[in-house]
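A structural walkthrough
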Amino acid sequence: MSTESSINRRTTMKLLFLMGSSAPVLANAAGPAAVAPLELSDAEWKKRLSPEAYRVLRKHGTEPAGSSPLDKEQRPGVYHCAGCDLPLFSSEAKYDSGTGWPSFHTALPGAVATQLDFKMIWPRTEYHCVRCQGHQGHVFDDGPPPTGKRWCNNGVALRFAPSQA
């Protein structure tokens, strides 16, 4: 086997591995995290979460579009991770994207981290809670100012805490 074909084979195997793996989170999307990780067993997660929240947060599922009441939530407050209660988004960053999922133009600093997701063949940027690594959704480059980002979140992966004002 030539050196060139050996390198191509190695590169191809690495790509296939990365595409099929649940690789660890690669990059913190909103600054350095100063949050202690929360690591629970699979049995503990199943006890802690509803079956649908478990499917989304721990198995990288997606809830049906339009199924979450949080998509229409308009009160001031903070959106927390449903898995560990870490604050992820402010209501000030929320907007109606028309997609059927709660959407935000920015996450709270240090709250989420991203990785590439190849489940739909083409790469997408998936994001997770930095504390529990719970899958939240995907971020796209078709959002409004000031960031141009659309942090498209599964409502079942969130808990809304209205402001006390």
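Our structure's up above, just so we're on the same page.
Residues numbered from 1 in each chain as written. Predicted model: local features only at pLDDT ≥ 70, side-chain atom pairs only at ≥ 80, totals over all residues. Heavy atoms only, no water.

Looking at the overall build of the protein chain
We apply this condition: The way it works is that DSSP assigns letters per residue, a run of H or I at least four long becomes a helix, a run of E at least two long becomes a strand, and they are numbered from the N terminus. Exposure categories follow from relative accessible area, calculated using a 1.4 Å probe and restricted to protein chains: below 20% of the type maximum is buried, above 50% is exposed, and the middle band is partly exposed. By definition, residues are in contact when any of their heavy atoms lie within 4.5 Å. Only the protein chains shown count as covering a residue, and every accessible area follows the Shrake-Rupley method with a 1.4 Å probe.
Along the protein chain, the regular secondary structure elements total three helices and ten strands. Along the protein chain, helices and strands appear, N-terminal first, in the series α-β-α-α-β-β-β-β-β-β-β-β-β. Here the protein chain, with 165 residues, has 39% of them falling under the buried criterion. The contacts of the protein chain with a sequence gap of at least 6 include a subset with a gap of at least 24, amounting to 58%. Accessible area of the protein chain: about 9,400 Å², with a carbon and sulfur share of 59%.

Concerning unusual backbone geometry
Look at the link from P145 to P146: it is a cis peptide, with omega at 10°. For H60, which is not a glycine, the phi torsion comes out positive at approximately 60°. Assignment of secondary structure puts H60 in the loop between helix 3 (51-59) and strand 2 (77-81). You will see that Q133, though not glycine, has its phi angle at about 65°, which is positive. Along the polypeptide, Q133 turns up in the loop between strand 7 (124-129) and strand 8 (135-140). Residue classification places Q133 among the partly exposed positions, given a relative accessible area of 34%.

A look at the environment of L49
In this fold, L49 is placed in the loop between helix 2 (42-48) and helix 3. Taking the relative accessible area as the measure of exposure, L49 reaches 8% and is therefore buried. A sequence separation of 107 residues divides L49 from V156, and the C-alpha atoms of the two residues are 9.9 Å apart. In contact with L49, not counting residues within four places along its chain, are Y54, L57, R58, A82 and G83.

Looking at the pairing of strand 7
Sheet faces and side chains relate simply in a regular strand, where the side chains alternate between the two faces. Operational definition: At least two DSSP bridges between two strands are needed for those strands to be called paired.
Counting buried residues along strand 7, five of its six residues qualify, which places the element largely inside the surrounding structure. Of the strand pairs in this sheet, strand 6 (residues 112-117) and strand 7 are connected by six bridges, and their pairing is antiparallel. Counted as the bridge partner of D117 is R124 from strand 7. Pairing geometry for strand 7 and strand 8, over four bridges, is antiparallel.

A word on the pattern of salt bridges
Note the following rule: Salt bridge, as applied in this entry: a Lys or Arg side-chain nitrogen positioned within 4 Å of an Asp or Glu carboxyl oxygen.
The full count for this structure, using the stated rule, is seven salt bridges. Between D71 and K72 there is a salt bridge, with its nearest N and O atoms 3.9 Å apart. On the basis of relative accessible area, D71 is assigned to the buried category, the value being 8%.

What to know about the nonpolar core
What counts here: Buried residues of nine kinds, namely Ala, Val, Leu, Ile, Met, Phe, Trp, Tyr and Cys, make up a nonpolar core once their side-chain atoms join them within 4.5 Å.
By size, the foremost hydrophobic cluster in this structure holds 28 residues, and its most contacted members are L88 and F89. It is helix 3 that contributes the most residues to this core, four residues altogether. Not counting the four nearest positions on each side in its chain, L88 is found in contact with Y79, H80, C81, A107, L108, A111, V112, C129, Q136 and L158.

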